[in-house]
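Descriptive analysis of the structure
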Amino acid sequence: MAIETLNGTDLTVPNTADTLRHTLADLTADRLDTLPPYTAFSQRSRIDLVPATHRDAWRLLGELGGDMQRYRSFGQVGQVAGQPAERNFTDDHDLAQCAASGNSVDRHPRRVVFGLPHNYFFSSTKDKADINAVAPTSDGSWSDIGANRRASPLFVHPHRFLDGTVVGVLTLLPAHFLPEAWRIGIKGSKGSVRRVPVAPDWSVVHGWMDRFTNRQTVLESR
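No experiment lies behind these values; they were computed from the predicted model shown. (Residues numbered from 1 in each chain as written. Predicted model: local features only at pLDDT ≥ 70, side-chain atom pairs only at ≥ 80, totals over all residues. Heavy atoms only, no water.)

Moving on to the packing of aromatic side chains. With the rule as written, the count across this model stands at four aromatic pairs. Arranged with centres 5.2 Å apart and planes meeting at 90 degrees, the rings of tyrosine 71 and phenylalanine 89 form a pair that is edge-to-face. Linking tyrosine 71 in helix H2 (residues 57-72) with phenylalanine 89 in the loop between strand E3 (83-84) and helix H3 (90-100), this pair joins segments that are 18 residues apart in sequence. Assessed through its relative accessible area of 8%, tyrosine 71 is described here as buried. Considering the side-chain rings of phenylalanine 177 and tryptophan 202, the 6.2 Å spacing of their centres and the 75 degrees angle between planes classify their relative orientation as edge-to-face. Taken together, the positions of phenylalanine 177 in the loop between strand E7 (166-172) and strand E8 (183-188) and tryptophan 202 in the loop between strand E9 (194-196) and helix H4 (203-209) put the pair 25 residues apart, joining distant regions of the chain. (Phe/Tyr/Trp six-rings, centres within 6.5 Å; stacked < 30°, edge-to-face > 60°. Helix = DSSP H or I, 4+ residues; strand = E, 2+ residues; numbered from the N terminus. Buried < 20%, exposed > 50% of the residue type's maximum accessible area, 1.4 Å probe, protein only.)

This is how it looks when you write it as structure tokens:
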């Protein structure tokens, strides 16, 4: 979906990647200097435009999603969606497998930065690991591991211009990942919920955005 006309405003609808880049840069010129408490533009924000070689917005969305799947997934039998698994996060896989089998862990997988819940199922053992935000409750205990969510800070939008060309708009909006008193809970098939400190690794998301060598950076993260 893309806006084609605007009435009652001085803004004009961008009709090329260059005009979209300049418009977004103007709209985000005034940014917070500190990490915001909620999703908002700040000096840590980033926007990239990824041009397509075709004119199909849905196809572009599928291509971006497929690339993200290959970047994030451990895969099965060395494959991710019929292609060789990259296995960029074997440490996440091993950590979750350890928790799923009932062993104690003291940190969370790095990929939680894409959003919560972030769950695992291991087909070889049928074990699973549920990973989600947990909050302190008024009675001194903790919320159920399935009670909360943390939306992804990454927005992926295929944008179609009036002339039919399309670009992928990748927007990363870092903010405080969870409220200060919250923790990330990890529950395996065996044992109780383990609560670990929240330590988002934003470089994990930047690493995916950096894969697109033809990208045009509209807003740099500082």
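On we go.
Of all hydrophobic cores here, the largest spans 38 residues; its most connected members are Phe114, Leu116 and Trp208. Elements that contribute at least two residues to this core include exactly H2, H3, strand E4 (120-122), strand E5 (127-134), E7, E8 and H4. With five residues, H2 is the single largest residue contributor to this core. Residue contacts for leucine 116: discarding those within four places in its chain leaves Ile131, Asn132, Ala133, Arg149, Arg150, Phe177, Leu178 and Ile184. With 10 residues, the next largest nonpolar core counts Leu20, Val169, Val218 and Leu219 among its residues. (Core = buried A, V, L, I, M, F, W, Y, C linked by side-chain atoms within 4.5 Å. Contact = heavy atoms within 4.5 Å.)

Moving on, we get to unusual backbone geometry. Of note, the amide linkage connecting leucine 116 to proline 117 takes the cis form, showing an omega dihedral of 5 degrees. Inspection of the secondary structure puts proline 117 in the loop between H3 and E4. A positive phi angle, close to 55 degrees, is found at valine 77, a residue other than glycine. Inspection of the secondary structure assignment puts valine 77 in the loop between H2 and strand E2 (79-80).

So, about the environment of leucine 154. Among the structural elements, leucine 154 can be located in strand E6 (residues 154-160). Accessibility expressed as a relative area gives 10% for leucine 154, which makes it buried. Separated by 44 residues in sequence, leucine 154 and arginine 110 have C-alpha atoms that sit 15 Å apart. Leave out the neighbours within four places in its chain, and leucine 154 touches Met68, Phe114, Thr171, Leu172, Val205, Trp208 and Met209.

All right, on to a nonpolar patch on the surface then. Judged by side-chain polarity, Ile3, Leu6, Leu11 and Leu27 come together as a nonpolar surface patch covering roughly 380 Å² of accessible area. Relative to the elements of secondary structure, leucine 11 occurs in the segment before helix H1 (17-27). (Patch = residues over 30% accessible without salt bridge, like charges linked within 9 Å, V, L, I, M, F, W, Y side chains within 5 Å. Areas by Shrake-Rupley, 256 points an atom, 1.4 Å probe, with all protein chains shown as cover. Salt bridge = Lys/Arg side-chain N within 4 Å of Asp/Glu carboxyl O.)

Any empty space left between atoms is shown by rolling a water-sized probe over those atoms. Put simply, the largest pocket is a space of about 420 Å³. Around the largest pocket sit 17 residues that line it, and Phe74, Gly75, Gln76, His93 and Phe121 are the ones nearest its centre. Of all the secondary structure elements, the ones that give two or more residues to the lining of the largest pocket are H3 and E4. At three residues, the largest contribution of residues to the lining of the largest pocket is made by E4. Grouping the constituent residues of the lining of the largest pocket by class yields five nonpolar, nine polar and three charged. (1 Å grid on protein atoms, 1.4 Å probe; cavity = no way out; pocket = protein on both sides within 12 Å on 5 of 7 lines; lining within 4 Å. Points joined across faces, edges and corners; volume = space filled by probe spheres on them. Nonpolar A, V, L, I, M, F, W, Y, C, P; charged D, E, K, R; others polar.)

On to the side chain of aspartate 127. Tracing the backbone shows aspartate 127 in strand E5. Contacts of aspartate 127, omitting those with residues within four sequence positions, involve Ala100, Ser101, Tyr120, Phe121, Phe122, Ser189 and Lys190.

What follows deals with the pattern of salt bridges. Pairs can form between side chains of opposite charge once their charged atoms are near each other. Taken as a whole, this structure holds 12 salt bridges when the rule is applied. The network of salt bridges with common partners includes Arg46, Asp48, Asp210 and Arg215.

Below, the discussion takes up the pairing of E6. As judged from the seven bridges shared by E6 and E7, these two strands associate in the antiparallel manner. Opposite leucine 154, over in E7, you have leucine 172 as the bridge partner. The turn joining E6 and E7, which pair antiparallel and follow one another in sequence, is formed by five residues; a positive phi near 95 degrees is taken by glycine 164. (Pairing = 2+ DSSP bridges.)

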